[in-house]
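# Analysis of the macromolecular model
If you want the building blocks of each chain, they are given just below.
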Amino acid sequence: MTVLSVEHLHFAYQDKVVLDDLTFSLPKGRLIGIVGPNGSGKSTLLKLLARQLPLQRGEIHVHGQSLSRYSMKSLARQLAFLPQRPVMAEGIRVEQLVQYGRHPHQGWFNQWTDEDAHQVDRARTAMQLDAIWHRQASSLSGGQAQRAWLAMILAQNTDLILLDEPTSALDIGHQAEVMEAVHRIAAEGRTVLIVIHDLGIAARYCDDLIALADGQIQAMGPAREVMTKALVDRLYQTEVDILPAPGDGAPVIVPRRRSLAASAHPSAARSATSTPAVLEPVEKDTTQ
């Protein structure tokens, strides 16, 4: 079942073409990562899919219906979008933040229902928020805050979820915490499209990858097949080594060091190859 389809998508900021003739479709129940160098149009693509930017050329269909035929509220019942830097209301508690996910399902004559309570409780459990449920969101760590935002998205109960760099500015422990949470969401049968910079995390957690560069799709397919040395070298204009991780064999991408500038200076080069100095502890003077 196709959840999202994109045909001949084109977008430009004034004279700068950002996306040029993109065509792809996303099936139900997959975690798909969008990777590529800075400025390749990853966030712009997500904003177009979420109708945060006006469509200039091309077609976007969600569940077979043109994006333009949805009202914003009806679209929010089909897809959920978490931007890169969501704004959190001052003084809001985690419980209230997650409840906001039910807003698209409410109206003048359809206020809080048993279904709303059920979806919020389910999101609370899935994102493991019991310990922080009544805390102010502003007091949370980076990983906790992202889990709270993801719970809000999960409570929205849509088949399609768009996430723009949810692991940015997080340390490695919080990155793993957030990606495990995202993986659990996809395992429920939802389609998750995520912009992600860390190629190792993308290859380990995502089912499929879309690689963008120069406004076009450079590769698309199963994550561990797409993530090749040739592709990474070309996308990022660098050289890497790709090694299998112990245990699951997920690709580990290691950039090679570029030629040292010192190679142009023989004296510096000799110094770099000489025996390294050994640091020894300074003994405390006990004669005083």
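Residues numbered from 1 in each chain as written. Predicted model: local features only at pLDDT ≥ 70, side-chain atom pairs only at ≥ 80, totals over all residues. Heavy atoms only, no water.

### Considering the overall build of the chain
Worth spelling out the cut-off: Here a strand is any run of E in DSSP of at least two residues, a helix any run of H or I of at least four, and the numbering for each starts at the N terminus. Think of it in three bands: with a 1.4 Å probe and only protein chains considered, a residue is buried below 20% of the maximum accessible area for its type, exposed above 50%, and partly exposed in between. Computed with a 1.4 Å probe, the accessible areas rest on the Shrake-Rupley method; for each residue, only the protein chains presented here act as cover.
Of regular secondary structure, the chain possesses ten helices and twelve strands. Looking at the chain residue by residue over its 288 residues, the buried ones come to 45%. Summed over its atoms, the accessible surface of the chain is roughly 15700 Å², and 51% of this surface lies on carbon and sulfur atoms.

### Focus on the packing of aromatic side chains
Selection criterion: Stacked, tilted and edge-to-face are the three classes assigned to paired rings of Phe, Tyr and Trp, where Trp is represented by its six-membered ring and a pair needs centres within 6.5 Å; plane angles under 30 degrees give stacked, over 60 edge-to-face, the rest tilted.
Across all of its chains, the model carries one aromatic pair by this definition. Measuring from ring centre to ring centre gives 4.9 Å for Phe11 and Tyr13, while their planes differ by 80°; the resulting arrangement is edge-to-face. We classify Phe11 as buried; its relative accessible area is 3%.

### So, the confidence of the model for the chain
We count it as follows: pLDDT expresses how confident the predictor is about each individual residue, on a scale running from 0 to 100. Contacts are residue-level and defined by heavy atoms, with any inter-residue pair within 4.5 Å sufficient.
Residue-level pLDDT values for the chain average 87, and 89% of them are 70 or greater. Segment residues 260-265: pLDDT under 50, and two contacts once partners within four positions in sequence are set aside and those in other chains are kept. Note that residues 267-277 has pLDDT below 50 and, in this model, two contacts with residues that lie over four places away or in other chains.

### Observations regarding helix α1 (residues 42-49)
The buried fraction of α1 amounts to seven of the eight residues, a majority that puts the element mostly inside the structure. Regarding α1, the residues found buried are Lys42, Ser43, Thr44, Leu45, Leu46, Leu48 and Leu49. Note on α1: the residue one or two positions beyond its end, Arg51, has a positive phi of about 60°.

### Overview of the sheet that holds strand β7 (residues 160-164)
Two modes of strand pairing occur in sheets, parallel and antiparallel, and in both the strands are linked by backbone hydrogen bonds. Keep this limit in mind: At least two bridges found by DSSP between two strands is the condition for calling them paired. What counts as an axis is a line fitted to C-alpha atoms, over the stretch in contact for a helix, and the angles between N-to-C directions run from 0 to 180 degrees.
The strand order across the open sheet formed by six strands is β6-β7-β8-β3-β9-β10, and the pairing between neighbours is mixed. In this open sheet, the two strands that pair with only one neighbour each are β6 (79-82) and β10 (216-222). Adjacent strand axes in the sheet meet at a mean angle of 15°, parallel and antiparallel pairs treated alike. Examined bridge by bridge, strand β3 (residues 31-35) and strand β9 (residues 208-213) share four bridges and lie parallel to one another. Across the sheet, Val35 pairs through a bridge with Ala211, a residue of β9. With respect to the sheet, helix α6 (residues 172-187) is in contact with β3, β7 and β8 (191-195), its orientation differing from that of β8 by roughly 150°.

### Points about the sheet that holds strand β1 (residues 2-13)
A sheet is described by the order of its strands in space; here four strands give the open sequence β2-β1-β4-β5, paired in antiparallel fashion. Among the strands making up the open sheet, the edge pair consists of β2 (16-27) and β5 (65-66). Sheet analysis places strand β4 (residues 57-62) next to β5, joined by two bridges and oriented antiparallel. Bridge pairing links Val62 to Gln65 in β5. Contacts between α1 and the sheet are confined to β1, β2 and β4, with β1 contributing the most and set at about 120° to the helix.

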